[in-house]
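Structural features, examined
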Amino acid sequence: MLTFNTLVGVCFLYVIMLFLVAFVADKRARRSKVRFLSSPMIYTLSLSVFCTAWTFYGAVGYAARSGLEFVTIYLGPTLVMIGWWWFLRKLVRVGRSQRVTSIADLVSSRYGKSNLLGVLVTLIAVIGTTPYIALQLQSVTLSFAVFARDRSAGWVIPDLEQTAIWVAGGLALFTILFGTRNLDVNERHHGVVTAIAVEAVVKLVALMAVGIFVVWGIGGGPQGISAAMEQAIQAAPEGAWSLQGGRWVGLTFLSAAAFLTLPRMFQVLVVENVDERQLATASWAFPLYLFLMSLFVIPIAVVGLAILPKGENPDLFVLTLPLYFEQDGLAMLAFLGGFSSATSMVIVASIALATMVSNHIIMPLWLSTRLGVDASEYRDARQILLSARRLSIVGILALGYFYYRISGGGAALAAIGLISFAGVAQVLPAMAGGLFWRGASRSGAVAGLITGFAIWAYTLFLPSFGEAGVISASVLADGPWGIAALRPQALFGVDGLDPVVHALFWSLILNCSVFVSVSLLSFPSPLERLQAAQFVNVLDQSGPARGRSFNAATSEDLLVMAQEIMGSDQAQAWFQAQAEQQGKQGYLPDTTPDFIGRLERELSGLVGTATAHAMIGQILGGTTVSVDDLLAVADETQQMLEQTSQLEAKQLELTTTARQLSEVNEKLTQLSIQKDAFLSQISHELRTPMTSIRAFSEILRDGGANDPEAAARHASIIHDESVRLTRLLDDLLDLSVLENGQVQLYPRREVMRDVLDRAIAATSSVIDQEKMHIHRNRSDEGGALYTDTDRLAQVFINLISNAAKYCDAKDKRLAIRVRQRGGRLQVDFVDNGSGVPLESQSMIFEKFSRLSDQAAAGGAGLGLAICREIMDKLDGSITYLPGQSGAAFRVTLPIGTQSPFGRRWPSDINHL
Amino acid sequence: MRSPREPLFLARQSYRRRRIEDAARLLPLLGVVLFLLPLMVGGVIGNVRLAYVFSSWFFLILFAMLLARHLGRDAEQQPTGAQSKPEVPTEAPTRTR
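Criteria and cut-off values
Residues numbered from 1 in each chain as written. Chains lettered and ligands numbered in written order. Predicted model: local features only at pLDDT ≥ 70, side-chain atom pairs only at ≥ 80, totals over all residues. Buried ≥ 20, exposed ≤ 12 C-beta atoms within 10 Å, placed from the backbone. Helix = DSSP H or I, 4+ residues; strand = E, 2+ residues; numbered from the N terminus. Pairing = 2+ DSSP bridges. Core = buried A, V, L, I, M, F, W, Y, C linked by C-beta atoms within 7 Å. Contact = placed C-beta atoms within 7 Å. Axes fitted to C-alpha atoms, helices over the stretch in contact; angles between N-to-C directions. Left-handed = near helix turned anticlockwise from the far one by under 90°. Nonpolar A, V, L, I, M, F, W, Y, C, P; charged D, E, K, R; others polar. Expected span 1.5 Å × (residues − 1). Arc of directions from axis to C-beta.

What follows deals with the pairing of strand β3 (residues 784-787) of chain A. Residue and element names in this part refer to chain A. Residues Leu-785 and Thr-787 point to one face of β3 and are all buried, whereas Ala-784 and Tyr-786, pointing to the other face, are not buried. Where strand β1 (residues 748-751) and β3 come together, four bridges link them in antiparallel fashion. By the bridge assignment for β3, Val-751 is matched with Ala-784.

Structure below.
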């Protein structure tokens, strides 16, 4: 027989087992054997703190009263979990990259590390969670009472309030031992999480065992359950089993919102998360857990309604059904399941709340008493932090206990689950807005939170105390001061809605609208915008963005402070690692913005973002973020774009260089070929006259030409050939003199027309011989020159005779056009021949470049090379003009008196 | 001449992965639709609607499991996140100076 003492004994043993599990897990974690502990399954099971005693016992009661509707409490979280790729992934990533310690920390960090928001969210969480903790105490007490009542003959009736005290005390002890034993960066509690996972298994096994017993043991299988359900529907009051659209949608949404914003859920979902793999597995495994938890709820409810005597509390069917059939073992298991549900919720919730209270309320208060102190004053920070946590845990549990005592543990408490959900859901707009909208501002979040919270309190929380509570019956019925539009449960005349849905609708609608409109109108601070960018773009960033730049700060001060908070060994190791990363020896890294940013994140894992920010700010002085710092936080995309465009520019540059190189190379190759040609050319040019000179002089020597006439002819040939030789050598000499710059120029004033006249006169013999017509517009040629006109005439002579010699048209014509363009004179020589082929255009100004040998008579191919050198010296240029009717050359030279020759004179003389 | 059977687009793996991400985004919408359907029929909840809610719930879990197997595997390989497209910041900090 199950006696009360056995019950207490088993309970005690169970708790000891939990202690052991937590102890071993903590020990393994400290030896860094966290592989098993961070497995996705443990993570998934730890999420089951969502299923409290309210769901373990209450779901059956809920189903007995309103049928299928209980399932909405699980459908919301299911939707959130399977939609992890939308929301949870981002939330968890932000949580990890910002070292977020609680939901208050997340909101405060997002909106410029504002402690006001931290305090607000903490208050909402405490007010929303305290009744919930009271509910857990009530359920444990009630389940004890069930055993006591049923066998009251043999058992001592326990003092219910004393049970509640014992439970609360034991839970406080456990939480303090494992929740605050170590101040871990990141606030991860391996021991607690593992114990929670074990409890999750107990819960599931217990509920499923009862369910299987009910369905196949006493219910007569699925058919029997189906029949029992029909019967329950018949017996139920009108409308209880019909689906109410408003409640169905509203409660699904509410449970989804609460799943994200409940402090305990945030703790296990985000803070205790280690990697994304955990989330991926939990995305289906946790909905499966919920599915299994709710699978047997309806069968238990309908069988309980059918079999148990009328008036039995449906909330306790899970316990009373096995007891009714004298299944003591099963009842024991069910009791442990409910016990587990209650304890795991209380433990995690009190850890989460204690973190929030100590980080956002106690630490800032303590800090504010020490304004402007140096690092050594942080001596007792670690101890104070730990004490603050422990005190907060005790305080929160005490609060829950007193709430339970004051409310009397009646039916009002049972309804508190949904009320509590609706309260914490007020954080959702600020949280979701902060993650997805960069424009969400601190003022908007504060205003939205306050609005939503006030409306929730007015329409749902305060009326929940009943008519004897804060809001009287008359106010409920007629509104304050008789204003019907302000009736708490029919705001603005919207009545006919379920109170919970009504409150949820108005509080969230007004919360969102105030949040959005204030955000749109306000102007955020630089730090806020920096955080906004980091939060919203968290998935695009490979690492955290760069922090702020500080004035001179001694890293020694920082080390002293960090030691007090992180513990000496840990802080020293961390500083050493940082110094090593910077390539330094010792414990003191340079206080680069990067380092400060990392230290702040590290500390915020312990004391919360706002506090860490304030602490470092106190030591470093200026904590404001300048616009320059914001500019430094360039978006990853921006950086990528810049890098890409830089690469493109470099590539373009390289391509240009390569093209230039290949052009130069080609030219060099051609020049080399030309040089060879030059050598053979010059030997040929020299040899031809030499040969005839030699031949004719031999004839003369040998007296071969007795005829004086022939002798005279031979002598004249010899003379002509030597003249040709001399001319060739003259040209070569001329060119080399020009190329070496050792040329003397004699500038003088002359009109272009005269220079051209002289050049044409000098070439008249060739022109006549080739029968070439020259077209000129003499009126254009009046431009005055101040230059070495003899040299210029030489260029013109060369061009004209070239045209005469090389033009291959039948009716040769040469047009000479003179123009003035932008302070320079252009003289174009255009003939009507076939022109110079494209591939040769770049070579014609080189020495000995002759296009063909066909008309080679005369020059040695030095003419154009000399022209170019001359034009160079005259500060002008000569170029080939492609795309004309034939070969076309353009000579460009400066006009006017401001000739550079004047300046060149002295140096040129020196050369000579 | 190029063979017409030559695949035009070779990055099939990343393409498939992006489509799986799309499916993961759409799954909760499917869930919303499935869970809202029972409201379309009025009256008392019978066995049929009970079975419907639980079976659609179960199929959602199955789908989520299939998707999570792909996404979770890749999440480890690409810790920086395999966003299909980088989100264009709606407001660059430099612009609002």
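Moving on from the model shown.
What follows is about the nonpolar core. In a soluble, globular protein the nonpolar side chains are often hidden away together inside. Residue and element names in this part refer to chain A. In terms of nonpolar packing, the biggest core is built from 197 residues, with Val-107, Ile-300, Val-318 and Ala-422 touching the most fellow members. The element best represented in this core is helix α17 (residues 328-368), accounting for 20 residues. Beyond its immediate chain neighbours, meaning those up to four positions away, Ile-300 contacts Val-60, Val-210, Gly-211, Val-214, Phe-317, Val-318 and Leu-321.

Now for the sheet that holds strand β4 (residues 813-821) of chain A. Residue and element names in this part refer to chain A. Read across the sheet, five strands follow the order β2-β4-β5-β7-β6 without closing on themselves; strand pairing throughout is mixed. The strands lining the two open edges of the sheet, one partner per strand, are β2 (773-776) and β6 (877-880). Recorded for the sheet is a direction-independent mean angle of 20 degrees between the axes of neighbouring strands. Bridging between strand β5 (residues 824-831) and strand β7 (residues 888-894) involves seven bridges; their strand directions are antiparallel. Considered in β7, the bridge of Val-827 is made with Val-891.

Attention now moves to unusual backbone geometry. All names here are of chain A. At Lys-113, a residue that is not glycine, the phi angle is positive and equals roughly 50 degrees. When you line up the elements, Lys-113 lands in the loop between α7 (103-110) and α8 (115-150). By the C-beta count within 10 Å, which is 26 here, Lys-113 ends up buried. Even without being glycine, Lys-771 reaches a positive phi, approximately 55 degrees. Judged by the 10 C-beta atoms lying within 10 Å of it, Lys-771 is exposed.

With that settled, the discussion passes to the packing of helix α11 (residues 221-235) of chain A against helix α15 (residues 297-307) of chain A. All names here are of chain A. Across the interface, α11 lies against α15 with an axial gap of 9 Å and an inter-helix angle of 65 degrees. In terms of crossing hand, the pair formed by α11 and α15 is left-handed. Each of Ile-225, Ala-228, Met-229, Gln-231 and Ala-232 in α11 lies in contact with α15, whose residues at this interface are Ile-298, Pro-299, Val-302, Val-303, Leu-305 and Ala-306. Here the residues of the contact of α11 with α15 sort into 10 nonpolar, one polar and no charged.

Attention now moves to helix α27 (residues 568-581) of chain A. For an α-helix, 3.6 residues make a turn, and residues three or four places apart therefore share a direction. Residue and element names in this part refer to chain A. Its 14 residues place the ends of α27 20 Å apart at the C-alpha level, agreeing with the 20 Å of an ideal helix rising 1.5 Å per residue. Where α27 is concerned, the buried positions are Ala-571, Trp-574, Phe-575 and Gln-578. Around the axis of α27, the buried residues are gathered within 95 degrees of arc, so they sit on the same side. Of the exposed residues in α27, those oriented more than 90 degrees away from the buried face are Ser-568, Asp-569, Ala-577 and Glu-580. Positioned one or two residues after α27, Gly-583 has a phi angle of 80 degrees, which is positive.

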